[in-house]
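Structural characterization, general
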Amino acid sequence: MRAIDCECGHHLEATDLEALVEETRRHVAEQHPQLQAGEDDIRALLEDRSYEPAPVR
Ligand SMILES: [Zn+2]
């Protein structure tokens, strides 16, 4: 799993980085359209800021 906490406080997570790119693109398009962030921007952000969430058991 990969996860990231958006600056707006929204928690996003997905099974892997590729899926998280998609999740984040959708979130940005819906909540932060003013960011104009492209896929490359989002991928770079996630590679820098995303983390492995603690496993839930
Ligand atoms: Zn957000």
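Rules behind the numbers
Residues numbered from 1 in each chain as written. Predicted model: local features only at pLDDT ≥ 70, side-chain atom pairs only at ≥ 80, totals over all residues. Helix = DSSP H or I, 4+ residues; strand = E, 2+ residues; numbered from the N terminus. Buried ≥ 20, exposed ≤ 12 C-beta atoms within 10 Å, placed from the backbone. Contact = placed C-beta atoms within 7 Å. Expected span 1.5 Å × (residues − 1). Axes fitted to C-alpha atoms, helices over the stretch in contact; angles between N-to-C directions. Parallel < 35°, antiparallel > 145°, perpendicular 65-115°, else oblique. Left-handed = near helix turned anticlockwise from the far one by under 90°. Nonpolar A, V, L, I, M, F, W, Y, C, P; charged D, E, K, R; others polar.

**Digging into the overall build of the chain**
Assigned secondary structure in the chain consists of two helices and two strands. Starting at the N terminus and walking to the C terminus, you meet the elements of the chain as β-β-α-α. On the principal axes, the C-alpha backbone points of the chain span a range of 40 × 20 × 15 Å. Taken across its 57 residues, the chain has 16% of its residues classed as buried. Considering only contacts within the chain whose residues lie at least 6 apart along the sequence, 31% involve residues at least 24 apart.

**Here's the deal with helix α1 (residues 17-31)**
Under the 1.5 Å per step criterion, the end-to-end length of α1 is 20 Å for 15 residues, consistent within 8% with the ideal 21 Å. Each element contacted by the buried residues of α1 is listed here: β1 (2-5), β2 (11-14) and α2 (39-49).

**Some words on the environment of A37**
Within the secondary structure layout, A37 lies in the loop between α1 and α2. Among all residues touching A37, those that are not within four sequence positions of it are V28 and I42.

**Focus: the packing of α1 against α2**
In a packed pair of helices, the relevant descriptors are the angle between the two axes and the axis-to-axis distance. Where α1 contacts α2, the axes come no closer than 10 Å and their chain directions differ by 120°. The angle between α1 and α2 places the two elements in the oblique class. Both α1 and α2 take part in a crossing whose hand is right-handed. Packed against α1, whose contacting residues are L17, L20, V21, T24, R25 and V28, the element α2 presents E39, I42, R43 and L46 at the interface. Looking at the contact of α1 with α2, its residues break down into six nonpolar, one polar and three charged.

Keep in mind these numbers describe shape, not what the thing actually does.
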